[in-house]
Amino acid sequence: MSQPSSSNSSAPFLTALRASEANTPDRRRWWKEAVVYQVYTRSFCDSDGDGIGDLPGLISRLDYLQSLGVQVIWLAPHYDSPNVDNGYDIRDYRKVDPLQGTMEDFDRLVEGLNARGMKLIVDIVANHTSDQHAWFRQSRASRENPYRDFYIWRDGRDGGPPNNYLSIFGGSAWQKDETTGQYYLHYFACEQPDLNWENPAVRKEMYEMMRFWLGRGVAGFRLDAICFLSKLPDLRDLTLAEMESLEHVYVTGPKVHDYLQDMHREVFADRDLLTVGEAFGVPFDETPAFVEESRGEMTMVFHFEIVRLGRHDWQVQDWTIKDLKAVLRGEDTSSGPEGWLTSFLENHDNPRSVSWFGDPSPKGHGPSAKALATMLLMRRGTPYIYQGQEIGMTNIRFDGIEDFEDINARGIWDNTVGIGKMSAKEVLSSLSKISRDNARTPMQWDGTSRAGFTTGVPWFRINPNHTDINVAQQEADPGSILNYYRRLIELRATHQALIYGTFEDVDPDHPSVIAFTRTLEDEQFLVLINMCGEKEHYILPHGLKISEVLIDSASAQAADVLPELRPWQAGVYRLAPPADI
């Protein structure tokens, strides 16, 4: 892959551009400057030896999170749940899951964060509930029940479901209920019936629930599947093309912005909250409608084009660094001039980034994890770190379908291998790479037999590489991935240009090097990342010249960063002003 940049080095110097007035230090927002850390509580830290992570376990690790430099914790669903979908099937929105602790534990968590100058945001699952929720138990009791209209019920058609909708998890999106003979809609598992947001009583209940948690001290919400709230008119059949891309269809309900603006008026307005929506399926060009401040909907959304690069649904495909850079550019402009962005490479629904984008081998693990950290934290937008990402946790090995806990993976298996449509080897190969289980293995705190996660039997397998990849080992190593994350987070907080500065890809056609600038007024930094495991001869385009090293993963000095980048080398550099070139 070693070859010089295709850009012309004699091109004019990139002039310093001021960011849009909506995204400058003049319009500071705490949620733009924060770094967020996502905690998947079930797998974070177990305090009582039952093998399941809990709130007291999280509280015991707050000093660690503070030392990382993050300002906000995003807590996975902590509500009472049968845990069919690991907490995203909620039985009671105002009760803490007994497996995670008590309401007193939740209050102690908020107090502990506040004492450290940190904030908490919680997951709001507004599209659906558990089928064990009191509302649904009432709804299915009879067609005349007052709660019937809390969910979406329809008569069947020709002896089958009302239409051809498919579940995101596979199979029909309709489940027949024998009590009344009608079908209810579920975009996800059949145990997760969709709420009917057309019903004002549903909206009222959801808003009151959100205000309840705000009253307990949370500073905002991550809004799960939020763009699915509005259903298509008349619940028409989907075309074959639409059935191949369900997420792009289910986000096109005509009232989604009405619901979000209503939610903002009733709950968010006049409160300084971080509200981030899961915008799976929303194209870049439609994003400003969700995030422009003047519209009063959400502060930012999660796009999935980067983390789903190289995937068609669950099947793995080839991708290139140029493909990645094209998505980085598209996402940077997606918020429009008035909106804000997120930056993430991992979460509870996607595989580990080192295994997907980097090199998990012993030789490439550390360097590639640092390269990805640089891309994550130096882009424009609020960065989200997923637990274990800061130590470079990797995917785990799967030898058969029995190794999976993920309801989505099991559904894919049943709808392919189970009906003889595809071979077990073919499906297992892809599922092993993309399964959500990869992100849900217990946190690797140390090299002991249970990784410091629990004293009991863990609810899910611990990755065997925890003996080599763990917090305790990296705390003691100044050159570790963990300490590199700390330095990057501190660097971002130190320079306003790395928060509010414009983003420009200065070498979009290079096949292996990512090079972009962050510019605010007269301050301009270059972020340089070699995204391959080979040395790369590289000449900066446009006559750019490095004058100072702010951070370099290979500890290079300004004079020897170039022309040869080491495998996976990454860093942030101050650029010399035009007069010095």
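As the structure is a computational prediction, the values presented were derived from the model and not from experiment. (Residues numbered from 1 in each chain as written. Predicted model: local features only at pLDDT ≥ 70, side-chain atom pairs only at ≥ 80, totals over all residues. Heavy atoms only, no water.)

A short note on the overall build of the chain
The helix and strand tally for the chain stands at 18 helices and 22 strands. Radius of gyration (C-alpha) of the chain: 24 Å, near the 25 Å computed for a compact globule of 581 residues. Projecting the C-alpha coordinates of the chain onto the three principal axes gives extents of approximately 80 × 55 × 50 Å. Counting only residues that meet the buried cut, the chain has 60% of its 581 residues in that class. A total of about 21600 Å² of accessible surface is found on the chain, and carbon and sulfur atoms cover 48% of it. Mean positive and mean negative side-chain charge positions of the chain (58 and 85 charges, respectively) differ by 1 Å. (Helix = DSSP H or I, 4+ residues; strand = E, 2+ residues; numbered from the N terminus. Rg over C-alpha atoms; globule rule 2.2 N^0.38 Å. Buried < 20%, exposed > 50% of the residue type's maximum accessible area, 1.4 Å probe, protein only. Areas by Shrake-Rupley, 256 points an atom, 1.4 Å probe, with all protein chains shown as cover. Lys, Arg positive; Asp, Glu negative; His and termini not counted. Charge placed at Lys NZ, Arg CZ, Asp CG, Glu CD.)

As for the sheet that holds strand E1 (residues 36-39)
Whether parallel or antiparallel, the strands of a sheet pair through hydrogen bonds between backbone atoms. The strand order across the open sheet built from eight strands is E11-E10-E9-E5-E2-E1-E15-E14, with neighbouring strands paired in parallel fashion. Strands at the two margins of the open sheet, each flanked by one partner only, are strand E11 (300-302) and strand E14 (342-343). With four bridges connecting them, strand E9 (residues 220-224) and strand E10 (residues 274-278) associate as parallel partners. In the strand pairing of E10, Gly-220 is matched with Leu-274. (Pairing = 2+ DSSP bridges.)

Here's the deal with the side chain of Glu-390
Structurally, the position occupied by Glu-390 is in the loop between strand E15 (382-386) and helix H14 (407-414). No salt bridge is formed by the buried Glu-390, whose closest oppositely charged neighbour, Arg-352, lies at an N-O distance of 6.5 Å. Only 2.8 Å separates the side chain of Glu-390 from the side chain of Tyr-37, close enough to count as a polar contact. If sequence neighbours within four positions are ignored, Glu-390 has contacts with Tyr-37, Tyr-64, Leu-68, Ile-385, Met-443, Gln-474, Ile-481, Leu-482 and Tyr-485. (Salt bridge = Lys/Arg side-chain N within 4 Å of Asp/Glu carboxyl O. Polar contact = N/O pair within 3.5 Å; in protein donor to acceptor, adjacent residues only side chain to side chain. Contact = heavy atoms within 4.5 Å.)

Looking at the confidence of the model for the chain
Averaged over the chain, the pLDDT score is 93; the fraction of residues at 70 or greater is 95%. Counting contacts from residues 1-19, a segment whose pLDDT is below 50, to residues more than four positions away or on other chains yields 58 contacts. (pLDDT = per-residue confidence, 0-100.)

What to know about the environment of Met-531
Tracing the sequence through the fold places Met-531 in the loop between strand E18 (523-530) and strand E19 (536-537). The buried category is assigned to Met-531, whose relative accessible area is 4%. In sequence terms Met-531 and Leu-372 are 159 residues apart; their C-alpha atoms lie 8.5 Å from each other. Once you skip the residues sitting within four places of it in the chain, Met-531 turns out to touch Ile-321, Leu-324, Phe-357, Leu-372, Ser-512, Ile-514 and Trp-568.

So, the packing of aromatic side chains
Tallied over the full model, the rule gives 35 aromatic pairs. Seen from their ring centres, Phe-44 and Trp-445 are 5.1 Å apart, and the 75° between their planes marks the pair as edge-to-face. One end of the pair, Phe-44, is in the loop between E1 and helix H2 (55-59); the other, Trp-445, is in the loop between helix H15 (424-434) and helix H16 (471-475), and 401 residues separate them in sequence. With 5.5 Å between their ring centres and 70° between their planes, Trp-153 and Tyr-184 make a pair best called edge-to-face. Placement of the pair is Trp-153 in strand E6 (residues 153-154) and Tyr-184 in strand E8 (residues 183-185), with a sequence separation of 31 residues. The pair Trp-153 / Tyr-184 is uniform in exposure class, with both members buried. Grouping aromatic residues by their ring pairs yields a cluster made of Tyr-79, Tyr-93, Phe-106, Trp-135, Tyr-147, Phe-150, Phe-212 and Trp-213. Here Arg-461 stacks its cationic end above the ring of Phe-398, 5.2 Å away from the centre of that ring. (Phe/Tyr/Trp six-rings, centres within 6.5 Å; stacked < 30°, edge-to-face > 60°. Lys NZ or Arg CZ within 6 Å of the ring centre and 35° of its normal.)

So, the nonpolar core
Core analysis: the biggest nonpolar cluster contains 172 residues, and Tyr-37, Phe-106 and Phe-221 have the highest contact counts within it. When residues in this core are grouped by element, the largest group, eight residues, is from helix H13 (residues 365-378). By size, the runner-up hydrophobic cluster in this structure holds 15 residues, among which are Val-513, Leu-544, Leu-562 and Tyr-573. (Core = buried A, V, L, I, M, F, W, Y, C linked by side-chain atoms within 4.5 Å.)

Here we look at the sheet that holds E8
Sheet architecture is open: three strands sit in the order E6-E8-E7, paired in antiparallel fashion. Taken across any chain shown, the strands that pair with only one partner, and hence form the sheet edges, are E6 and strand E7 (174-176).

A look at the environment of Phe-404
Following the sequence through the fold, Phe-404 ends up in the loop between E15 and H14. Residue Phe-404 is classed as buried on the basis of its relative accessible area of 0%. Residues Phe-404 and Ser-435, 31 residues apart in the sequence, show an inter-C-alpha distance of 8.2 Å.

Here we look at the pairing of E9
Extensive coverage of E9 is indicated by the burial of five of its five residues. Residue alternation in E9 divides its side chains into two sets, Gly-220, Arg-222 and Asp-224 and Phe-221 and Leu-223, and both sets are buried. As paired elements, strand E5 (residues 119-125) and E9 share four bridges and run parallel to each other. Bridging across to E9, Asp-123 finds its partner in Arg-222.

Overview of the pattern of salt bridges
Evaluation of the coordinates by the stated rule reveals 33 salt bridges. A salt bridge links Arg-140 to Asp-177, with the shortest nitrogen-to-oxygen separation between them at 2.6 Å. Within this pair, whereas Arg-140 is found in the loop between helix H5 (134-139) and E6, its partner Asp-177 is found in the loop between E7 and E8, the two being separated by 37 residues in sequence. For Arg-140, a relative accessible area of 25% gives the class partly exposed. The exposure class assigned to Asp-177 is buried, which follows from its relative accessible area of 5%. Between Arg-203 and Asp-262 there is a salt bridge, with the nearest N and O atoms lying 3.7 Å from each other. A residue pair is termed long-range when its members are at least 10 positions apart, and Arg-203 in helix H6 (residues 200-215) and Asp-262 in helix H9 (residues 256-268) qualify at 59 residues. The residues Arg-203 and Asp-262 share a single accessibility class, namely buried. Within this structure, Asp-85, Asp-349, Asp-406, Arg-436 and Arg-440 form a network of salt bridges that share partners.

As for helix H4 (residues 103-115)
For H4, which comprises 13 residues, the first-to-last C-alpha distance of 18 Å matches the rise-based estimate of 18 Å (1.5 Å per residue) to within 8%. Phi for Gly-117, located one or two positions after H4, is positive at around 70°. (Expected span 1.5 Å × (residues − 1).)

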